[in-house]
Amino acid sequence: MTVQIAVIDDWQDVARDVVDWSLLDEVGQVTFLHDYPADRDTLAERFQPFEVICVMRERTLFDEALLRRLPRLKLLLTGGMRNAALDLEAAAALGIQVCGTESYKHAAPELTWTLIMALTRNLVQEANALRAGAWQQGLGGDLHGKTLGILGLGSIGTRVAQFGQVFGMRVIAWSQHLTAERAAEAGVTYVSKQALFEQADVLSIHLVLSERSRGLVDAQALDWMKPSALLVNTARGPIVDEAALIEALRHKRLAGAALDVFAQEPLPADHPFRRLDNVLATPHVGYVTRQNYQRFYSLMIEDLLAWAAGNPIRLLTP
């Protein structure tokens, strides 16, 4: 019997062209869905026919309520080896297997530095002014000799720290589990949480979203920051208290923010982050590169072939 396979969250309509899906011809039929996430009823109806669903990161929430409405579903495949939008306990209880993929590790650090440099030098405003017929709108900032604060010195945070060192920045870091020894191994100075926010000229967030990190960058932390400082978030939106950040930006208690992630995605049309003149916002494209998509989807195909052969790989368990 032909397995019905859905590739969802394909918002840009690019999934069918980045890898060779014909490798699955002997397993089943692949359908590509480009819709944004919707209400539970719409999603349940949309996903009813499928036994296998390939999801792109955390774009669609598969909670217990939705999973229970998908009796045909046998396998979920996700980009990456962690996906907070998948209820692994409910999936296991319902007999649904979940498999992940490896990631291309360079995409997110590269976007982080694209945002840091663009925000520092006012590149969007200058480029837009040039298109409108104007010339040189203001003074850009500098990075050399400034302090880069890293909130979360994991693999991505470490790479961002290395870029900062190349730019001649002093790099400091803090997180709940970071030690002075671990920071020193990366050539970074370990400081307290308060010192991180107080000293950073650019503060870049690289934490995993968890109950410990949710709302960690709150009004108090933002108040510690210099009025001239910049905040950059390419990790997860809910790590930052959005209401507090909006207030700080509106009242110029913070010079600017570069944001690739938000509490609600896609970002609502009337959201202040779309209008504030000291915000550079991008639509969660930190991992959205050709190489990363090729890696995600090629390994999803590999996962699916292994599952069809009765030997699932890269299983994610509760």
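Keep in mind the model is a prediction, meaning the values are calculated, not measured.

Student: Explanation requested: the layout of surface pockets in the structure shown.
Tutor: Unfilled space is identified by rolling a water-sized probe across the atoms. Reported here for the largest pocket is a volume of approximately 870 Å³. As for the largest pocket, its lining consists of 33 residues, of which Arg57, Arg82, Ile156, Val208 and Arg236 are closest to the centre. Those elements giving two or more residues to the lining of the largest pocket turn out to be helix H5 (107-120), helix H7 (155-166) and helix H12 (290-308). Looking at the lining of the largest pocket residue by residue, the class counts come to 13 nonpolar, 13 polar and seven charged.

Student: Help me understand unusual backbone geometry, please; the structure alone is not making it clear to me.
Tutor: Negative phi characterises most residues that are not glycine, and trans characterises most peptide bonds. Following Glu265, the chain continues to Pro266 via a peptide bond in cis, the omega torsion being -5°. A positive phi angle, near 55°, is found at Asp13, a position not held by glycine. Among the structural elements, Asp13 can be located in the loop between strand E1 (3-7) and helix H1 (15-18). By relative accessible area, which is 39% here, Asp13 ends up partly exposed.

Student: Hey, could you run me through the sheet that holds strand E6 (residues 147-151) in this one?
Tutor: Hydrogen bonding along the main chain pairs the strands of a sheet, whether they run parallel or antiparallel. Taking strand neighbours across the sheet as the criterion, the seven strands line up as E8-E7-E6-E9-E10-E11-E12 in an open arrangement whose pairing is parallel. Of all strands in the sheet, those with a lone pairing partner are strand E8 (189-190) and strand E12 (279-281), marking the two edges. Contacts between H7 and the sheet are confined to E6, strand E7 (170-174) and strand E9 (202-205), with E6 contributing the most and set at about 175° to the helix.

Student: Sorry if this is basic, but what is going on with the environment of Glu126 here?
Tutor: As for its position among the elements, Glu126 is in helix H6 (residues 123-131). With sequence-adjacent residues up to four places away left out, Glu126 is seen in contact with Arg121, Gln136, Gln137 and Gly138.

Student: Mind showing me how you'd approach helix H2 (residues 40-47) here?
Tutor: An α-helix turns once per 3.6 residues; consequently, residues spaced three or four apart project the same way. Those residues of H2 not exposed but buried are Leu43, Ala44 and Phe47. For H2, the angular spread of the buried residues around the axis is 100°, confining them to a single face. The N-capping residue of H2, defined by a side-chain oxygen 3.1 Å from the backbone nitrogen of Asp41, is Asp39.

Student: Whenever I open this one, the sheet that holds strand E3 (residues 52-55) confuses me. Can you help?
Tutor: With respect to topology, five strands assemble into an open sheet ordered E2-E1-E3-E4-E5, the strand pairing being parallel. Lying at the two open borders of the sheet, with one neighbouring strand each, are strand E2 (28-32) and strand E5 (97-99). Along the sheet, successive strands turn relative to each other by an average axial angle of 20°, direction set aside. Direction of pairing for strand E4 (residues 75-78) relative to E5: parallel, over a ladder of three bridges. Note that in E5 the partner of Leu77 across the bridge is Cys99. The strands that H12 touches are E1, E3, E4 and E5; relative to E4, the one it contacts most, it runs at about 155°.

Student: Explain the UniProt feature "domain: D-isomer specific 2-hydroxyacid dehydrogenase catalytic" (unreviewed entry) in the protein to me, please; I cannot follow it from the model alone.
Tutor: With numbering aligned to this structure, UniProt lists the feature "domain: D-isomer specific 2-hydroxyacid dehydrogenase catalytic" (unreviewed entry) at residues 21-312. Overall, residues 21-312 shows 34% helix and 15% strand. The separation of its end C-alpha atoms is 19 Å.

Student: Got a minute to help me understand the pairing of E6 in this structure?
Tutor: It is a general feature of regular strands that their side chains alternate between the two faces of the sheet. For E6, a buried count of five out of five residues is recorded, marking the element as mostly surrounded by other parts of the structure. Of the two faces of E6, the one holding Thr147, Gly149 and Leu151 and the one holding Leu148 and Ile150 are both buried throughout. By the bridge criterion, five bridges tie E6 to E7 in an arrangement that is parallel. Note that in E7 the partner of Thr147 across the bridge is Arg170. Between the parallel pair E6 and E7, the chain is carried across by H7, and the sense of this crossover is right-handed. In terms of strand pairing, E6 meets E9 through four bridges, oriented parallel. Residue Gly149 lies in a different strand from E9, and its bridge partner there is Leu203.

Student: Explanation requested: the packing of aromatic side chains in the structure shown.
Tutor: For any pair of aromatic rings, the description rests on two quantities: the centre-to-centre distance and the angle between the ring planes. Considering all chains together, one arrives at nine aromatic pairs under this definition. Plain terms: the ring middles of Trp11 and Tyr36 are 4.8 Å apart, the flat faces sit at 80° to each other, and that makes the pair edge-to-face. Taken as a pair, Trp11 in the loop between E1 and H1 and Tyr36 in the loop between E2 and H2 lie far apart in primary sequence, 25 residues in all. By the ring-pair criterion, three or more aromatic residues cluster together here, those being Trp21, Phe32, Tyr293 and Tyr297. The ring of Trp11 carries the charged tip of Arg59 above its face, separated from the ring centre by 4.4 Å.

Conventions and cut-offs
Residues numbered from 1 in each chain as written. Predicted model: local features only at pLDDT ≥ 70, side-chain atom pairs only at ≥ 80, totals over all residues. Heavy atoms only, no water. 1 Å grid on protein atoms, 1.4 Å probe; cavity = no way out; pocket = protein on both sides within 12 Å on 5 of 7 lines; lining within 4 Å. Points joined across faces, edges and corners; volume = space filled by probe spheres on them. Helix = DSSP H or I, 4+ residues; strand = E, 2+ residues; numbered from the N terminus. Nonpolar A, V, L, I, M, F, W, Y, C, P; charged D, E, K, R; others polar. Buried < 20%, exposed > 50% of the residue type's maximum accessible area, 1.4 Å probe, protein only. Pairing = 2+ DSSP bridges. Contact = heavy atoms within 4.5 Å. Axes fitted to C-alpha atoms, helices over the stretch in contact; angles between N-to-C directions. Arc of directions from axis to C-beta. Polar contact = N/O pair within 3.5 Å; in protein donor to acceptor, adjacent residues only side chain to side chain. UniProt positions renumbered as here; feature names shortened; annotations may be inferred. Right-handed = clockwise from strand over helix to strand, strands pointing away. Phe/Tyr/Trp six-rings, centres within 6.5 Å; stacked < 30°, edge-to-face > 60°. Lys NZ or Arg CZ within 6 Å of the ring centre and 35° of its normal.

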